[in-house]
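In case you want the letters, here they are:
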Amino acid sequence: MTKNKYLIVNFILIFLLILIAVYEKYPSKIHAKLKLEKNTEQSYSGNWRYKHELKLYKSYQKKGNVVMLGNSITYRANWNELLNREDIINRGIGADITEGFLARMEYVYNVNPKLCFVMGGVNDLTRGIKPEIISNNLYNITKELNKKNIKPILFSILYTAKSYPNYKDFNRSVKLSNDKIKKMCANNSIEYIDLNKILSENEILKDEYSFDGIHLTVLAYEKWKEIITPIIEREIE
């Protein structure tokens, strides 16, 4: 075989390999794997947002009837503005995990709320934390809230959109985790709200409800508002 034929064959093979890689989404899968490995090394205590927010919590004096406990998805909304109220306290922290929630419950108690909405678990999954641990942490959170006469209401972990790296595999983990959380809530008479029924379709977050595959758009928060407004009115007023 001549040198030119070798070059042509090699070019064709390389081209085919690139097509296969793109079709199988290998770059996204590799990126997701590297991200997971990086995140696995980090605990909630190594999260700079966590340290920053806890320092602020020590200075806050405001009390409220409702606490929104969660991660960046909770943190990114001004709930008082969104719901046209003055008694909601935001206790969301970007990149936080359910173990981190447990470690900062004192900043929920000192608000003296009657109701606490809890959404967590998606960051746990990115760190490779097992669904069983997520469900157990959420159970312990609800147990501690009940001891303080604060009613807990748990939200489902949201699915990711197609733009999120390796979304199919990730959403399978989301479904498994939600199944365990839902069962735990049923066994312990804890109110559970499945936001995926509104925001997702076929176990995928709808594109109009996310701008990066995981965080929410204004439209999504408007839907969330519609769901929790009657619950707050029922429990508080």
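Given the structure is predicted, the values throughout are model-derived calculations rather than measurements. (Residues numbered from 1 in each chain as written. Predicted model: local features only at pLDDT ≥ 70, side-chain atom pairs only at ≥ 80, totals over all residues. Heavy atoms only, no water.)

Enquirer: Help me out: how do you make sense of unusual backbone geometry in this one?
Expert: Most peptide bonds take the trans form, and the phi angle of most residues other than glycine is negative. Look at A95: it is not a glycine, yet its phi comes out positive at around 70 degrees. One non-glycine residue with positive phi stands out, namely N166, at about 55 degrees. Topologically, N166 is positioned in the loop between β4 (151-155) and α10 (167-187). Assessed through its relative accessible area of 24%, N166 is described here as partly exposed. (Helix = DSSP H or I, 4+ residues; strand = E, 2+ residues; numbered from the N terminus. Buried < 20%, exposed > 50% of the residue type's maximum accessible area, 1.4 Å probe, protein only.)

Enquirer: Would you mind going over the packing of aromatic side chains with me for this structure?
Expert: This model, assessed by the stated rule, comprises nine aromatic pairs. On the numbers, 5.4 Å between centres and 15 degrees between planes, the contact of F117 with F155 is stacked. Here F117, found in strand β3 (residues 115-118), pairs with F155, found in strand β4; they are 38 residues apart in sequence, far enough to count as distant. F155 sits in the buried class, given a relative accessible area of 2%. (Phe/Tyr/Trp six-rings, centres within 6.5 Å; stacked < 30°, edge-to-face > 60°.)

Enquirer: Explain the side chain of S72 here, please?
Expert: Residue position: S72 is located in helix α4 (residues 72-75). Residue classification places S72 among the buried residues on the basis of a relative accessible area of 11%. Here S72 is in contact with I93, G94, A95, H215 and Y221, once residues within four sequence places are set aside. (Contact = heavy atoms within 4.5 Å.)

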